[in-house]
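Here is what each chain is made of, one letter per residue.
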Amino acid sequence: MIRYILIGLFSFLFTGFILAQQLPLFTQYSEYQGLINPATINYDYYQDGFDMSFGASYRDQWVGAPDRPRTIAIRGESVYTPRRGASFVYGGYMLHDRVGVFGTTGLTGRVASMLRFAGNSFDEGAISVGLNFGVYQYRTDLSDFLNARVDPAIATANASTIYPDVGIGASIYKLLPNDDFVSFGISVPQVFGLNTSFRNEDRAFDVKRTQHYYANASYYYIMGDDIYMELSGWVKKVNNVPVNYDINFRYKFAGNMWFGVGYNNSKIIHTEAGIIINNFNEDRRIKVGYAYNPSIETYGISFGGTHEVNISYLLITD
């Protein structure tokens, strides 16, 4: 249905400007904070000491729509902490995002520098700044998108563009006197953006990626050894578009399980649950999470719910 709506608009206007889903969304965004904010220090490190992690995620969004967004993300991260001075986070990501006839594949590197408040320890917290840098391929099947009926001169084959981009961010982490933990960060994950056109003498098809501005915050209420409650928020802003935000609650209990609920102001409910396998080695941990987002929209077009699966492997190398 999304495809046919866009085709109709294009056929009516002849000169089109298309804004599709520009950056992938994550329900379990705590696992992919490095893509949202390159300055993020993962909670698995600053609370539990896991200084290396790998993960993979698959997200199937709006399952009721035939040309719905589908996202695959793969990540790897490592924390380097010398005895003195700043510590660093290094990481890499592979991202593949598909929305109907539009596709994006990218490889991104990440580096963040952390300045600890208490010399050689993270016990008091830290402030960090980070940078993402990568290259992306943007693709669209023009013949499929235009149904080969508007203009054969621009609707004959696939078209692609390769472009670089960077993201910047800053975060602060603070241990409270009652041993709870808070964090806050701001970021622009897509600084350069993209503006590309497919044109002939009298018609044009333009695609533009614009800057996104993010703010994220978390409060961890520590209840015991490896047991906590997390209240988090993610605010997203794009020029000329209303503010979008998520509020989520996650409860990790019994040391090896968690569940979570949340809300997005697009009238979408977040639900998630997961298990942690760590009894085979204290220095190794596997996390498996599943999330489902039903829509509670009572009018307009319903595109269905969203499924997301994530798996992470954590280890302590020191």
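Conventions used here
Residues numbered from 1 in each chain as written. Predicted model: local features only at pLDDT ≥ 70, side-chain atom pairs only at ≥ 80, totals over all residues. Heavy atoms only, no water. pLDDT = per-residue confidence, 0-100. Contact = heavy atoms within 4.5 Å. Core = buried A, V, L, I, M, F, W, Y, C linked by side-chain atoms within 4.5 Å. Buried < 20%, exposed > 50% of the residue type's maximum accessible area, 1.4 Å probe, protein only. Helix = DSSP H or I, 4+ residues; strand = E, 2+ residues; numbered from the N terminus. Phe/Tyr/Trp six-rings, centres within 6.5 Å; stacked < 30°, edge-to-face > 60°. Lys NZ or Arg CZ within 6 Å of the ring centre and 35° of its normal. Patch = residues over 30% accessible without salt bridge, like charges linked within 9 Å, V, L, I, M, F, W, Y side chains within 5 Å. Areas by Shrake-Rupley, 256 points an atom, 1.4 Å probe, with all protein chains shown as cover. Salt bridge = Lys/Arg side-chain N within 4 Å of Asp/Glu carboxyl O.

Details of the confidence of the model for the chain
Detailed reading of the predicted coordinates is not advisable wherever pLDDT falls low.
Next up, step 1: With 75% of its residues at a pLDDT of at least 70, the chain reaches an overall mean of 80.
Next up, step 2: A low-confidence stretch, residues 153-157 (pLDDT under 50), is modelled with 14 contacts involving residues beyond four sequence positions or located in other chains.

Details of the nonpolar core
Next up, step 1: Ile41, Tyr46 and Tyr220 are the most contacted members of the largest nonpolar core, which has 13 residues in total.
Next up, step 2: Listed by contribution, the elements that provide at least two residues to this core are helix H3 (43-46) and strand E5 (102-118).
Next up, step 3: Here this core takes three residues from H3, the largest share from any one element.

Brief notes about the packing of aromatic side chains
Next up, step 1: All told, the structure shown has 11 aromatic pairs when counted by the stated rule.
Next up, step 2: A centroid spacing of 5.5 Å and a plane angle of 35 degrees characterise the contact between Tyr251 and Phe253, whose relative ring orientation is tilted.
Next up, step 3: Judged by its relative accessible area of 21%, Tyr251 is partly exposed.
Next up, step 4: Taking 5.8 Å as the distance between ring centres and 90 degrees as the angle between the ring planes, the aromatic pair formed by Tyr251 and Phe259 counts as edge-to-face.
Next up, step 5: Look at Phe259 and you get partly exposed, because its relative accessible area is 36%.
Next up, step 6: Cluster of aromatic residues (ring-pair linked, three or more members): Tyr29, Tyr214 and Trp234.
Next up, step 7: For the cation-ring pair, Arg75 lies above Tyr32, with the distance from its terminal atom to the ring centre recorded as 5.5 Å.
Next up, step 8: In this structure, Lys287 packs its charged tip against the face of Trp258, placed 5.8 Å from the ring centre.

Section: unusual backbone geometry
Next up, step 1: In this structure, Trp62 is a non-glycine residue whose phi angle is positive, near 60 degrees.
Next up, step 2: Tracing the backbone shows Trp62 in the loop between strand E2 (52-60) and strand E3 (69-80).
Next up, step 3: Taking relative accessible area as the criterion, Trp62 reaches 27% and is therefore assigned partly exposed.
Next up, step 4: Positive phi is not limited to glycine here, since Asn240 has a value of about 70 degrees.

Description of a nonpolar patch on the surface
Next up, step 1: Together, Tyr219, Tyr221, Met223, Leu231, Val235, Val243, Tyr245 and Ile247 make up an exposed nonpolar region whose accessible area comes to about 680 Å².
Next up, step 2: Top contributing element to the nonpolar patch by residue count: strand E11 (residues 212-224), with three residues.
Next up, step 3: Note on placement: Tyr221 falls in strand E11.
Next up, step 4: Residue class for Tyr221 comes out partly exposed when judged on its relative accessible area of 42%.

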